[in-house]
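One letter stands for each residue in the lines below.
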Protein chains: 2
Amino acid sequence: MKVDFIIQNTFVMTMEGNGVGMIENGAIAIKGNTIEAVGTTDEIRRDYSAEEVINGENKLVMPGLIDAHIHTGIGILRGVSQDIHNWMQEGLWPFMKHVTPEDNVKGSMMNIIEGIKAGTTTFCDYDGNMNDIVENYVMVGARARVAELVNEIPNDIGDVPVGELYPFHSEIGERKLQNNIRLIENWHGAENGRITCMLGPHGPDMMSLELMQEMKGLAEMYDTKLHMHVAQGDREIDQMIKRYGKRSIAFLDDIGYLNDRLLAVHLTEATKEETQLVAKRGASMINCSGSIGIIDGIVPPILEFLEAGGVAALGSDQAPGNNCNNMFNEMKFVSILNKAKRQDPSVFPAHLSLRLATIESAKAIGLADEVGSLRAGKKADLLLVDLQEPSLSPVITDPIRNIVPNLVYSAKGSEVESVMIDGQFIMRDKQLLTVNEKEVIAIAQEAANSISEKAKGDIHPNSPLIKRMEAGEL
Amino acid sequence: MKVDFIIQNTFVMTMEGNGVGMIENGAIAIKGNTIEAVGTTDEIRRDYSAEEVINGENKLVMPGLIDAHIHTGIGILRGVSQDIHNWMQEGLWPFMKHVTPEDNVKGSMMNIIEGIKAGTTTFCDYDGNMNDIVENYVMVGARARVAELVNEIPNDIGDVPVGELYPFHSEIGERKLQNNIRLIENWHGAENGRITCMLGPHGPDMMSLELMQEMKGLAEMYDTKLHMHVAQGDREIDQMIKRYGKRSIAFLDDIGYLNDRLLAVHLTEATKEETQLVAKRGASMINCSGSIGIIDGIVPPILEFLEAGGVAALGSDQAPGNNCNNMFNEMKFVSILNKAKRQDPSVFPAHLSLRLATIESAKAIGLADEVGSLRAGKKADLLLVDLQEPSLSPVITDPIRNIVPNLVYSAKGSEVESVMIDGQFIMRDKQLLTVNEKEVIAIAQEAANSISEKAKGDIHPNSPLIKRMEAGEL
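Residues numbered from 1 in each chain as written. Chains lettered and ligands numbered in written order. Predicted model: local features only at pLDDT ≥ 70, side-chain atom pairs only at ≥ 80, totals over all residues. Heavy atoms only, no water.

Asks: Break down the sheet that holds strand β8 (residues 143-148) of chain B for me, citing the residues and quoting the values.
Replies: Residues and elements named next belong to chain B. Taken in spatial order, the 4 strands line up as β6-β7-β8-β9 in an open sheet, and their pairing is parallel. This sheet does not close on itself; its edge strands, each paired only once, are β6 (65-70) and β9 (195-198). Averaged over all pairs of adjacent strands, the angle between strand axes in this sheet comes to 15°, irrespective of strand direction. Sheet topology note: the β8/β9 ladder contains 4 bridges and is parallel. (Pairing = 2+ DSSP bridges. Helix = DSSP H or I, 4+ residues; strand = E, 2+ residues; numbered from the N terminus. Axes fitted to C-alpha atoms, helices over the stretch in contact; angles between N-to-C directions.)

So this is what it looks like as structure tokens:
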């Protein structure tokens with residue numbers, strides 16, 4: 001049979017089975033946007049010929065990585081607020097209040113490029129203004145599973161003093177909900193299924209019970225998931241106790257939110273029992289090690305969640321906090337931070353991190369029939385990784401294979417040589433093919449300059465970040 | 001005045017003063033192997049002309065990074081032993097026993113290239129066979145401060161059951177000491193001072209008191225430092241108590257080792273009081289976050305050491321454990337692991353990590369007059385970093401500058417575009433100029449294949465790593 005591409009004489013890490021499903025001297029055949037077959041080079045060459053045969057010697061073919069939680073809309077504010085308490089209020093907000101919808105889109109594109117260069121092929125983007133942002137994914141050719149951030153709080157919420165209850169405005173919630181519905185109506189299943197949509201309640205503390213229930217009904221109606229921050233910080237827990245007399249997870253259990261439609265993001269403040277309850281109810285956990293480490297100095301309870309039988313995924317969150325959107329970074333951090341948390345080097349082995357960025361993540365977000373592993377019939381979302389980069393060399397296969405630990409603990413993301421999404425090369429030999437990288441960066445830089453100009457008067461002279469500037473530390 | 005190079009219209013992060021010493025629209029003038037002047041572009045262009053003027057727009061000039069503790073000689077075994085207890089005995093040793101001196105040199109070169117590509121310009125290499133390895137640094141043109149690993153234990157020490165006292169053989173110690181002396185005699189100050197040497201006692205548990213005292217005397221005689229593992233693991237502490245009835249640091253204090261000649265590496269098992277004592281006595285601490293996180297699941301007590309007034313530095317240790325030798329990785333890990341350890345996002349700010357990989361490190365290893373910051377009269381060891389890489393974009397300078405947090409929390413190392421050491425470009429526009437990268441990798445791969453062949457029979461079928469192989473996890 002004739003296919004479009006065969007990549008052969010290569011390591012194929014399928015992520016099928018319970019481990020990583022490594023095939024040595026493997027090959028993969030791709031036709032249209034679909035994986036036609038995976039096997040040894042001999043098997044594939046016996047059964048298939050191709051328009052283009054790619055020599056994969058000294059390379060690794062692996063599934064594209066899934067970033068299960070990313071806010072690309074604020075990517076433009078990378079790195080403005082680190083090493084402080086109250087990250088959002090003290091550092092981010094003076095800038096964020098000046099970010100326009102156009103800035104969201106420009107920064108998002110820069111963020112998407114960053115992800116693709118580091119091997120991300122599926123983006124679970126969760127942000128305001130998603131009806132515009134989604135067009136970036138259409139243009140680039142990436143897979144996206146997007147949600148509009150819905151809440152009932154005014155845009156100047158960053159000015160509400162810590163400790164006071166957020167005011168809810170139903171007309172704000174209604175407008176944002178309509179944006180989420182419009183997103184779903186216009187884009188769910190678009191681009192041959194490459195774009196799908198979710199509901200995006202911002203968090204249990206950011207909207208009324210009524211709106212939460214309405215969104216739950218919509219998720220059922222559209223048969224999709226709810227992507228939501230849960231127990232993401234002590235401020236959220238404080239709001240929930242003040243408003244409902246309950247912590248977030250008990251409240252969500254009461255209102256029927258804890259089930260397999262829910263992607264519970266962060267669980268930073270969840271107790272062991274709460275974490276176990278979320279897992280037991282069948283909701284998924286999205287773990288963002290980099291951002292929660294930097295913003296809160298906390299290692300979220302993902303090990304407890306997995307031990308309770310939950311399905312989990314990894315996310316890079318957002319550049320103002322993390323400061324990178326690179327799934328290799330997340331894989332490395334989740335392993336090492338959890339080893340340190342347990343003081344046990346044997347916990348969170350490398351293959352587990354890889355699974356949480358591929359097949360387990362696909363299960364969590366509801367795309368396991370399409371992506372997350374390399375298997376005949378799934379979409380052709382895959383990476384070619386250069387194993388001759390010094391950071392991945394040498395390759396040892398016997399008696400122990402060193403590829404998996406080196407991918408997780410050594411790879412930086414820049415070892416990704418080529419990226420295929422939905423059967424199309426989006427990056428080849430480190431060149432992006434569907435967007436002009438330099439132009440995207442220049443456009444984002446221009447937008448950042450304008451935000452910076454407006455933010456000048458809005459940062460308090462006593463801010464710890466201004467002190468750092470004055471001390472020459474930034 | 002005419003100089004060789006001017007890099008202008010750029011951000012210059014000098015690392016002078018107590019912060020990062022950032023100059024916007026800065027420039028640097030280089031003549032021979034020396035920094036002639038640093039200042040604003042206007043100042044430099046007023047006073048200097050150059051053979052070559054480099055436009056540094058959208059780039060950052062910063063000091064080359066110092067890797068204060070690296071074993072390049074075992075780089076060839078990258079990633080063979082992760083996610084287990086007894087890393088050395090269970091995983092590494094079956095391979096390590098087959099590594100020849102030639103393999104050391106081949107793997108070392110691969111490791112050095114990895115470091116340079118990620119911005120390391122000074123390598124404190126600490127290994128056996130250093131008289132051969134040192135020639136790699138001569139060839140590549142990197143700065144090195146090398147020590148021979150001296151101990152009195154036989155090569156098959158990996159076979160000694162955990163818990164038994166190591167046998168000491170004075171003839172082994174004598175031979176290795178002679179190698180260290182030969183290293184110093186032949187290489188200390190060589191290559192116009194680019195190569196310098198230290199004494200390298202392997203650890204207080206690995207040699208007799210007499211040999212330790214002899215090496216201390218030699219360090220004084222040669223007026224150089226002692227590079228030594230201290231409190232690096234529970235096995236060391238167990239050996240010390242069994243042999244001397246004392247823990248490592250009390251023992252070292254008794255024999256006069258704790259002073260400013262000592263680079264105390266790891267301190268993994270040091271108590272708070274022991275850590276404070278090391279700082280108080282003026283010894284330096286080398287902290288290896290990546291390797292100790294992966295091998296032991298421990299965050300070493302560097303914050304306590306710094307709080308006690310100590311001078312500390314960062315090291316990447318070795319590829320079989322870490323698994324990378326990339327100082328950007330170390331800067332990121334030391335900050336985030338310590339935030340998580342203290343559960344406080346404000347500890348270990350980004351500029352501190354940068355200092356510990358540059359100027360503080362230079363102080364620790366005794367090269368502060370030559371490297372670690374950009375100042376007239378110091379050696380021209382510097383990096384050009386591309387700020388238009390998506391991971392470092394956009395650049396915001398006002399009211400908060402985001403370059404420093406993004407360098408530490410987002411940069412992967414692959415943003416380093418050019419590397420100058422001792423006034424010579426070693427890498428330019430990501431091309432290595434003094435070695436053939438592909439050839440180095442191919443030579444290391446060939447050596448690894450031969451080690452792998454020999455190691456087959458030496459790994460126990462009940463090894464947890466073999467179990468992982470069988471489970472398809474590797």
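Asks: Talk me through the interface of chain A and chain B; I want residue IDs and the actual numbers.
Replies: Listed per partner, the contact involves 85 residues of chain A and 85 residues of chain B. Run the count over chain A and chain B and you get 6 salt bridges. One salt bridge in this structure joins Lys339 of chain A and Asp83 of chain B, with 2.6 Å as the shortest N-O distance. At the junction of chain A with chain B, the criterion picks out 38 residue pairs in polar contact (both at pLDDT 80 or more). For the side of chain A that touches chain B, the elements supplying multiple residues, two or more each, are α3 (101-117), α11 (289-296), α13 (327-342), α14 (350-356), α16 (403-409), α17 (437-455) and α18 (464-470) of chain A. (Contact = heavy atoms within 4.5 Å. Salt bridge = Lys/Arg side-chain N within 4 Å of Asp/Glu carboxyl O. Polar contact = N/O pair within 3.5 Å; in protein donor to acceptor, adjacent residues only side chain to side chain.)

Asks: Could you give an account of the packing of aromatic side chains, naming the residues involved and the relevant values?
Replies: Considering all chains together, one arrives at 7 aromatic pairs over all chains under this definition. An angle of 25° between the planes, with centres 4.2 Å apart, marks the rings of Tyr244 of chain A and Phe251 of chain A as stacked. The ring of Phe168 of chain B carries Arg243 of chain B above its face, with NZ or CZ at 3.7 Å from the centroid. Directly above the ring of Phe425 of chain B sits Arg428 of chain B, whose terminal nitrogen or CZ lies 4.4 Å from the centroid. (Phe/Tyr/Trp six-rings, centres within 6.5 Å; stacked < 30°, edge-to-face > 60°. Lys NZ or Arg CZ within 6 Å of the ring centre and 35° of its normal.)

Asks: Tell me about the pattern of salt bridges, and please be specific about residues and values.
Replies: Enumeration over the complete set of coordinates arrives at 59 salt bridges over all chains. With its nearest N and O atoms 3.2 Å apart, the salt bridge here joins Lys456 of chain B to Asp398 of chain A. Residue Lys456 of chain B is located in the loop between α16 (437-455) and α17 (464-470), and its partner Asp398 of chain A is located in the loop between β14 (382-386) and α16; the two belong to separate chains. Glu52 of chain B serves as the salt-bridge partner of Arg428 of chain B, at 2.6 Å between the closest nitrogen and oxygen. In this pair, Arg428 of chain B is assigned in strand β16 (residues 424-428) and Glu52 of chain B in strand β4 (residues 49-55), connecting sequence segments 376 residues apart.

Asks: Explain the relation of the copies chain A and chain B to me, using residue names and the numbers behind them.
Replies: Both copies of the chain are placed relative to one another by a rotation about an axis and a shift along it. Relative to chain B, chain A is turned by 180° and slid 0.0 Å along the rotation axis, the superposed coordinates differing by an RMSD of 0.0 Å. Taken together, the rotation and translation relating the two chain copies correspond to the operation of a two-fold axis. The position closest to the rotation axis in chain A is occupied by the C-alpha of Lys412 of chain A, lying 2.9 Å away. Both copies present the same face, since 100% of the interface residues in chain A are matched by interface residues at the equivalent positions in chain B. (Least-squares fit on C-alpha atoms with pLDDT ≥ 70 in both.)

Asks: Tell me what's going on with the domain arrangement of chain A, and back it up with residues and numbers.
Replies: Residue and element names in this part refer to chain A. The domains assigned to chain A are domain 1 (2-63 + 376-432) and domain 2 (65-365). Of note, the centres of domain 1 and domain 2, computed from C-alpha atoms alone, are 30 Å apart. Residue-level contacts link 30 residues of domain 1 with 31 residues of domain 2. Together, the buried faces of domain 1 and domain 2 total about 2,400 Å²; carbon and sulfur atoms form 66% of this surface. Along the contact surface separating domain 1 from domain 2 lie 2 salt bridges. (Domains from an automatic or database assignment. Buried area = accessible area lost by both parts, 1.4 Å probe.)

Asks: I'd like to hear about helix α4 (residues 130-140) of chain B, residue by residue, with values.
Replies: All names here are of chain B. Residues of α4 that are buried include every one of Met130, Asn131, Ile133, Val134, Asn136, Tyr137 and Val140, and no others. For α4, the secondary structure elements touched by its buried residues are α3 (101-117), β7 (120-127), β8, α5 (170-187), β9 and β16. Immediately beyond the C-terminal end of α4, within one or two residues, lies Gly141, with a positive phi of roughly 95°. (Buried < 20%, exposed > 50% of the residue type's maximum accessible area, 1.4 Å probe, protein only.)

Asks: Please provide a residue-by-residue account of the pairing of strand β1 (residues 2-13) of chain B, values included.
Replies: All names here are of chain B. Counted residue by residue, β1 has 9 buried out of 12 residues, so it is predominantly covered. With 2 bridges connecting them, β1 and strand β5 (residues 59-63) associate as parallel partners. Paired with Val12 across the two strands is Val61, which belongs to β5.

Asks: Hey, could you go over empty space enclosed by the protein for me, with residue numbers and the actual values?
Replies: It is the rolling of a water-molecule-sized probe over the atoms that shows where space remains empty. For the structure on display, the rule yields 6 cavities of 30 Å³ or more. Taken as a whole, the largest cavity encloses approximately 130 Å³ of empty space. Lining the largest cavity are 16 residues, with Asn329 and Lys332 of chain A together with Asn329, Lys332 and Lys412 of chain B sitting closest to its centre. Those elements giving two or more residues to the lining of the largest cavity turn out to be α13 of chain A together with α12 (327-342) of chain B. For the lining of the largest cavity, the per-class residue count stands at 7 nonpolar, 5 polar and 4 charged. Of the pockets and cavities examined, the second largest cavity occupies roughly 50 Å³. (1 Å grid on protein atoms, 1.4 Å probe; cavity = no way out; pocket = protein on both sides within 12 Å on 5 of 7 lines; lining within 4 Å. Points joined across faces, edges and corners; volume = space filled by probe spheres on them. Nonpolar A, V, L, I, M, F, W, Y, C, P; charged D, E, K, R; others polar.)

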